[in-house]
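Inside the fold
Here is what each chain is made of, one letter per residue.
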Amino acid sequence: KYVQKKNWKRLQDEGKCFYDAAETGRNRSIALYYLGCADMERKNYSIAKKYFRKVIKLGDSANPHYRGWANIELAKMEVEKNNIDVSMQYYNKAKNELCSYSDRNEMVNACMVYVQHLFSNGYPEKASDCAESLLKETNDPDIRERIMKIIPSANTAVSAVCHE
């Protein structure tokens, strides 16, 4: 509810309490992820990055859903620093994490968030490449519609992939 109300300070306080109470890496990964999100929203990017890296560092004891999303958040941060190669590494790790979690829908959602971030930050070609790749991997025509809402200029490339 604090995310919906954009009460980032309260989310941060709750996250710290949850982290202290959590006994497993799985639960700690959830707390760390939301602590990172709260710090991102408060523009404490270096602190947010530390939280997301801690989620990833938990390895297999972390919840793979949050490990995947932590990678997406780090990928987005790297886009903003114009580190596209590093960003793509985080993006690919996120896809792998979310695929291993067997949540295809969540993997698609995470990829679409990244594609939109690339596009809105001045990387339309890279966004189109990622969208095209996602279409090939999933072979899902519904994704085409979602991509067209984000990248209207991708119509030709995306249409070609959909009709192969």
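Residues numbered from 1 in each chain as written. Predicted model: local features only at pLDDT ≥ 70, side-chain atom pairs only at ≥ 80, totals over all residues. Heavy atoms only, no water.

Looking at the side chain of His-117
Rules: Note on conventions: DSSP H or I runs of at least 4 residues are helices, E runs of at least 2 residues are strands, and numbering of each starts at the N terminus. Residue exposure (1.4 Å probe, protein chains only): buried if accessible area is under 20% of the type maximum, exposed if over 50%, otherwise partly exposed. N or O atoms within 3.5 Å of each other form a polar contact, as long as, within protein, one can give a hydrogen and the other can take it, and as long as residues adjacent in sequence are counted only when both atoms are side-chain atoms.
Relative to the helices and strands, His-117 is located in helix α6 (residues 104–120). Residue classification places His-117 among the buried positions, given a relative accessible area of 11%. Within polar-contact distance, the side chain of His-117 engages the backbone oxygen of Lys-76 at 3.2 Å.

Here's the deal with the packing of aromatic side chains
Here the distance between the centres and the angle between the planes together describe a pair of aromatic rings. Rules: Two rings from Phe, Tyr or Trp (for Trp, the six-membered ring) form a pair when their centres are within 6.5 Å of each other. A pair whose planes differ by under 30 degrees is stacked, one over 60 is edge-to-face, and the rest are tilted.
Tallied over the full model, the rule gives five aromatic pairs. With centroids separated by 4.4 Å and ring planes inclined at 20 degrees, the aromatic side chains of Tyr-91 and Tyr-114 adopt a geometry described as stacked. In this pair, Tyr-91 is assigned in helix α5 (residues 84–100) and Tyr-114 in helix α6, connecting sequence segments 23 residues apart. In terms of burial, Tyr-91 and Tyr-114 fall into one category: buried. A network of ring pairs unites the aromatic residues Tyr-33, Tyr-34, Phe-52 and Tyr-66 as a single cluster.

Things to note about the nonpolar core
In plain terms, the rule: Among the buried residues, those of types Ala, Val, Leu, Ile, Met, Phe, Trp, Tyr and Cys that are joined through side-chain atoms within 4.5 Å form a nonpolar core. When checking whether two residues touch, look at their non-hydrogen atoms; a contact exists if any pair is within 4.5 Å.
Within the largest apolar cluster, 42 residues are counted, with the highest numbers of intra-cluster contacts made by Tyr-33, Phe-52, Tyr-91, Tyr-114 and Leu-118. For this core, the secondary-structure elements that each account for two or more residues are α2 (25–41), α3 (45–57), α4 (64–80), α5, α6, α7 (124–138) and α8 (141–150). Aside from chain neighbours lying at most four places away, what touches Tyr-114 is Ile-72, Ala-75, Lys-76, Val-79, Ser-87, Met-88, Tyr-91 and Cys-130.

Observations concerning the environment of Ile-84
Within the secondary structure, Ile-84 sits in helix α5. In this structure the C-alpha to C-alpha distance between Ile-84 and Tyr-123, which are 39 residues apart in sequence, comes to 9.1 Å. Those residues in contact with Ile-84 that sit more than four places away from it in its chain are Val-79, Leu-118, Tyr-123 and Lys-126.

Overview of the packing of α6 against α8
Keep this limit in mind: A fitted line through C-alpha atoms serves as each axis, taken over the contacting stretch for helices, and the angle formed by two N-to-C directions is quoted from 0 to 180°. In what follows, roughly perpendicular refers to angles from 65 to 115 degrees, roughly parallel to angles under 35, roughly antiparallel to angles over 145, and oblique to any angle outside these ranges. Two helices that cross are described as forming a left-handed crossing if the nearer one is turned anticlockwise from the farther one by less than a right angle, and a right-handed crossing if clockwise. Amino acids are sorted into nonpolar (Ala, Val, Leu, Ile, Met, Phe, Trp, Tyr, Cys and Pro), charged (Asp, Glu, Lys and Arg) and polar (every other residue, Gly among them).
One can describe the packing of α6 onto α8 by two numbers: an axis separation of 10 Å at closest approach and a directional angle of 20 degrees. Considering their axes alone, α6 and α8 lie roughly parallel with respect to each other. Crossing geometry of α6 relative to α8 is assigned as right-handed. Of α8, the residues touching α6 (which contributes Arg-104, Val-108, Asn-109, Met-112, Val-115, Gln-116 and Phe-119) are Ile-143, Arg-146, Ile-147 and Ile-150. In terms of residue class, the contact of α6 with α8 is built from seven nonpolar, two polar and two charged.

A look at the pattern of salt bridges
Stated precisely, the cut-off is as follows: Any Lys or Arg side-chain nitrogen located within 4 Å of an Asp or Glu carboxyl oxygen qualifies as a salt bridge.
This structure, assessed with the given rule, holds five salt bridges. A salt bridge links Glu-97 to Arg-67, with the nearest nitrogen and oxygen atoms 2.6 Å apart. With Glu-97 in helix α5 and Arg-67 in helix α4, this pair connects stretches of sequence that are 30 residues apart. Among the ionic pairs, Lys-76 bridges to Glu-73, the shortest N-O distance being 3.2 Å. Residue Lys-76 and its partner Glu-73 are located together in helix α4, separated by three residues, close to a single helical turn. Glu-73 carries the same exposure label as Lys-76, and that label is buried.

Considering unusual backbone geometry
Here Lys-43, not a glycine, exhibits a phi torsion of approximately 65 degrees, which is positive. Summarising the element assignment, Lys-43 is placed in the loop between α2 and α3. The exposure class assigned to Lys-43 is exposed, which follows from its relative accessible area of 59%. The backbone of Asn-82 sits at a positive phi, close to 60 degrees, despite the residue not being glycine. Since its relative accessible area comes to 53%, Asn-82 is described here as exposed.

Read these as spatial facts, not as claims about activity.
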